[in-house]
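Report on the structure
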Amino acid sequence: MSQSWRCTKSSDCGDYKVFKVRQDDCESPRTGRIHNFYVLEASDWVTIIPVTPEGKLVCIEQWRPGTAAVELELPGGMIDPGEVPEEAAARELREETGYAAKAFTRLGSMSPNPAILTNRCHFFLASDATPQGAQELDSAEAIDPVLIDPARIPQLIADEILRHGIIIAALYYYDLYLKSEPGV
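Attention here is on the structure that accompanies the text.

Thresholds applied
Residues numbered from 1 in each chain as written. Predicted model: local features only at pLDDT ≥ 70, side-chain atom pairs only at ≥ 80, totals over all residues. Heavy atoms only, no water. Core = buried A, V, L, I, M, F, W, Y, C linked by side-chain atoms within 4.5 Å. Buried < 20%, exposed > 50% of the residue type's maximum accessible area, 1.4 Å probe, protein only. Helix = DSSP H or I, 4+ residues; strand = E, 2+ residues; numbered from the N terminus. Expected span 1.5 Å × (residues − 1). Disulfide = S-S within 2.5 Å.

Quick notes on the nonpolar core
- Grouped together as the largest cluster of nonpolar side chains are 22 residues, with contacts concentrated most on I49, L57, F123 and Y174.
- For this core, the secondary-structure elements that each account for two or more residues are β5 (57-64), β9 (103-110), β10 (121-127), α2 (153-158) and α3 (165-180).
- Counting 13 residues, the second largest nonpolar core, distinct from the first, contains V58, A89, A126 and A129.

Concerning helix α1 (residues 85-97)
- With 13 residues, α1 should reach 18 Å at 1.5 Å per residue; the first-to-last C-alpha distance of 18 Å fits that figure.
- At the C-terminal side of α1, G98 shows a positive phi close to 80 degrees.

Some points on the state of the cysteines
- Per the counting criterion, the structure on display carries one disulfide.
- Two residues share a disulfide in this structure: C7 and C26, whose sulfurs sit 2.5 Å from each other. Disulfide C7-C26: torsion about the S-S bond near 60 degrees, hence right-handed. A residue pair is termed long-range when its members are at least 10 positions apart, and C7 in strand β1 (residues 6-15) and C26 in strand β2 (residues 19-27) qualify at 19 residues.
- C121 provides the cysteine sulfur closest to C59, a residue in no disulfide bond, and the two sulfurs are 15 Å apart.
- By relative accessible area, which is 2% here, C59 ends up buried.
- A relative accessible area of 0% places C121 in the buried class.

In structure tokens, the structure reads:
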């Protein structure tokens, strides 16, 4: 395994609401040279796989500025300060879809991009998700919940209709869960 690099200096570069940027000057263990790296400090996130009693996935469609397109995704978002991941999962599900779930099961977590991001994304299965009221969107959100048959997921990925990497990772964790739980 590669050796860790030693950081000799760290400087704040900017605060942009959903992330902060810092520059780390780190020494290569192989050459001894100092290199500058830029790191995005971000809050941890949650992604929820809501499943209705009928077995449908509660997905969402929303416009994303990075692709300038409406994307098919799963509900999710940032974990607020003082909140635990499961609480954030329940809150984000309710806010983005108007659904609530009887139970939340932790499926795992991942580093979205360890090359530049400091955070983790936590994945939750939301079982028996049912509509419980209106969405609670903030002014920068326009989200449409849609029910998807899980059997369609592989084709939606192959056709690049579902193309958000973190969502695809969440669905992989869900698939692992289904394979490990007999009778689910």
